[in-house]
Each structure stands twice: as C-alpha cells, then as structure tokens.
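# Close look at the chain arrangement
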Amino acid sequence: MEENFLDDTFLARWISGDLSAKELEAFKKSSDYHKFNKINEGALKLKIPEYNKEVAFCELQQRLEQEKADKEVGKRIPTWVYSVAASVLIAFGLFYFLNLQSHYQTGFGEQLAVMLPDNSKVQLNANSQIDFNPKGWKSNKEVKLVGEAFFDVEKGGAFKVLTDIGTVEVLGTEFNVIARQNFFEVQCYQGRVEVNSLNTKEGTLLTEGKAFRIVNGVVEKWTFTNKKSSWLLGESTFRNTPLYQVIIALKNQFNVTFNTSKIDTNKKFTGGFTHKNLKLALITVFETMNITYTIKDENKIILVNKDSKN
C-alpha cells in the first residue's frame, strides 16, 4: 500500500468524503482498498438494526475476526488496520449501547400492544410507530410517536409523548393521540393531560371527555362521551374531520391507494367505518359524502364526485 495512505488523517477524510477526486481514484486502485471498504460498510450497518443492535455489533466483530484469520488472502493486512477498525467499532458501539432505543411499528391493518418501563400500556393503531429509551427511562421519560396510539398510563406514572406538532404531558390517565403531517389530535378518556404545541402560547389542560386538535395550524376543541377509542374495537370514527385524514385511515387499515384528483379532500366528515370489510367501509364513508368509488386491481380506488360532469 502506498505511503500516503498511511497518513493519520487519511482514513478519516475518506470516511467523511473529504478526499480529492485524485486521492480517491488512487486509493481505489490500491490493493487494500476493498479491505478498508468492508470495515467501513460493517460499521455503517450498525445504524440499521432497530431491535437487536447488540447482536449486530457482535456479528460485525465476528466478521472482522474472520477476515483477520483468513489465510487465503494474498497480502496480510497490517495490524494497524485492525486498530483503526477497533476504534470505529468502539465509537459506534459506545454510541448505541448508551443510546439504545426501543422501536415498535405496525403495518397496514395491524395493531400492537406495547408495555412501557413503568408498566403503562400503549396500543398502536395501523401504520404507526413509537420509540423510547428503556434503559434511560428514569431520567428521560419520553415516547416519540408517529401515527396513532392509545395510552393507558399506570397510576403514578408520568412521561411525555412527543410528536412533530405537539407534546402531551401525562399523569395516570387514558388518552388517544394522532400525530400526522399537519394533523395533531388528543382525546382524554380518563384523568387529565396537558397538551403543548407550536400553535398555542400556553398549554391546554384536557380532562375526561375533552378533545384538542390542530389541523393545518388551526386549533379546535370539543367534548365527547365515549369511554374508549373506537379503533380498539375494530371501527374508526371521526368528528368533523378533513376527508383526507379519513382516507389516510382507510389506507392504513386496508393497504389500498386512492386517486383523489376529482374530489375535494378538505371536506369535513363525521361518521365511521369498520375495519373488517373494505367495501362496506367505502360505502359508509363515501355514500354520505356524495362520492362514487371504483376499485381497480383490487387495491386501487378511484374517487369521483357524483355531480361531476367528467
């Protein structure tokens, strides 16, 4: 291997993409380039696993040890190469072992029950996800949510639910949160929660039967009487909700796509649909909105206003 590749800063500049085109070309032509590339690729793979980062770390160490023991390699890899690899592994390993996140995610039509470190329960609706740090829970009681989830908080438990639009601070309660792009909704079923968002100067306190929503920056509040989120019982319900949010819910439950170019998706919908039958769900939603639907290729649905001339 050529002398200039042994410079202390060379590998760091290569990994960060700071080599000149001439340096990179010369490096790629060197006999040991592929060995360094394997080490770098192995380290990068540590970012991918969501559940078993410890396993991935051990597997990568084993692969590197196998490389070291391989007697068929024409030119033996210098020992300092393994020192570099070890440094990379330690850096990545310390980061992940100190910042392990538990990640849970559902697919189309799926629900998932998750237990938090304080024994609070989270029920994820379809196409939703949560992240939290179980090892650091005592000092960082936060749950990151994307999608929809119902929280049943253990008495005496306290933590925050973080979303891109707002934060929910909870203490011994039951509540439902929806967090999607430009849409944030919280319904309190028991106890009380405090909702904070970028759209409100002060926090909003919700008690049993109170709801809070932000749609495209507009704040809405209302009351309700049901004791549980309907989706836990196999039916999604909506109150004065933009149709595009109802369509997202249909997509999540039935894994279908919609052509909405010929309808107004900002119209408000009040009602619900079953999770058990797609055609019945489509009829329930779109008949009341004066919209016809056509199913193509089993999972493609075209929506058209009934009074449309086209």
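Residues numbered from 1 in each chain as written. Predicted model: local features only at pLDDT ≥ 70, side-chain atom pairs only at ≥ 80, totals over all residues. Heavy atoms only, no water.

Helix and strand counts for the protein stand at seven helices and 16 strands. The proportion of buried residues among the 310 residues of the protein is 43%. Surface exposure of the protein reaches about 17500 Å², of which carbon and sulfur atoms provide 50%. (Helix = DSSP H or I, 4+ residues; strand = E, 2+ residues; numbered from the N terminus. Buried < 20%, exposed > 50% of the residue type's maximum accessible area, 1.4 Å probe, protein only. Areas by Shrake-Rupley, 256 points an atom, 1.4 Å probe, with all protein chains shown as cover.)

Moving on, we get to the environment of Y244. With respect to the helices and strands, the residue Y244 is situated in helix α6 (residues 243-254). Expressed as a C-alpha distance, the spacing of Y244 and T265, which sit 21 residues apart in the sequence, is 4.9 Å. Aside from chain neighbours lying at most four places away, what touches Y244 is N182, V215, N216, T265 and N266. In this structure the side chain of Y244 is engaged in a polar contact, spanning 3.4 Å, whose partner is the side chain of N216. (Contact = heavy atoms within 4.5 Å. Polar contact = N/O pair within 3.5 Å; in protein donor to acceptor, adjacent residues only side chain to side chain.)

To continue, consider the pairing of strand β8 (residues 183-197). Bridging between strand β7 (residues 166-180) and β8 involves 13 bridges; their strand directions are antiparallel. Counterpart to F175 in the pairing with β8 is C188. Between β7 and β8, which follow one another and run antiparallel, lie two residues, and N182 among them has a positive phi close to 60°. Here β8 pairs with strand β10 (residues 210-215) via five bridges, running antiparallel. Bridge assignment links Q187 to a residue of β10, and that residue is A211. Two elements, β8 and strand β9 (residues 204-207), share four bridges in a ladder whose sense is antiparallel. Counted as the bridge partner of V193 is L206 from β9. Taking the residues between adjacent antiparallel strands as the criterion, β8 and β9 are bridged by six residues. (Pairing = 2+ DSSP bridges.)

With mixed pairing, the three strands of this open sheet are ordered in space as β13-β16-β15. Looking at strand neighbours, the two that pair on one side only are β13 (257-262) and β15 (291-296), the edges of this open sheet. If you compare each strand with its neighbour and ignore which way they point, the axes differ by 25° on average. With four bridges connecting them, β13 and strand β16 (residues 300-305) associate as parallel partners. Of the residues in β16, the one forming a bridge with F258 is I301. Running at roughly 155° to β13, α6 makes contact with β13, β15 and β16 of the sheet. Against the sheet, helix α7 (residues 278-286) touches β13, β15 and β16, its axis set at about 155° to β15. (Axes fitted to C-alpha atoms, helices over the stretch in contact; angles between N-to-C directions.)

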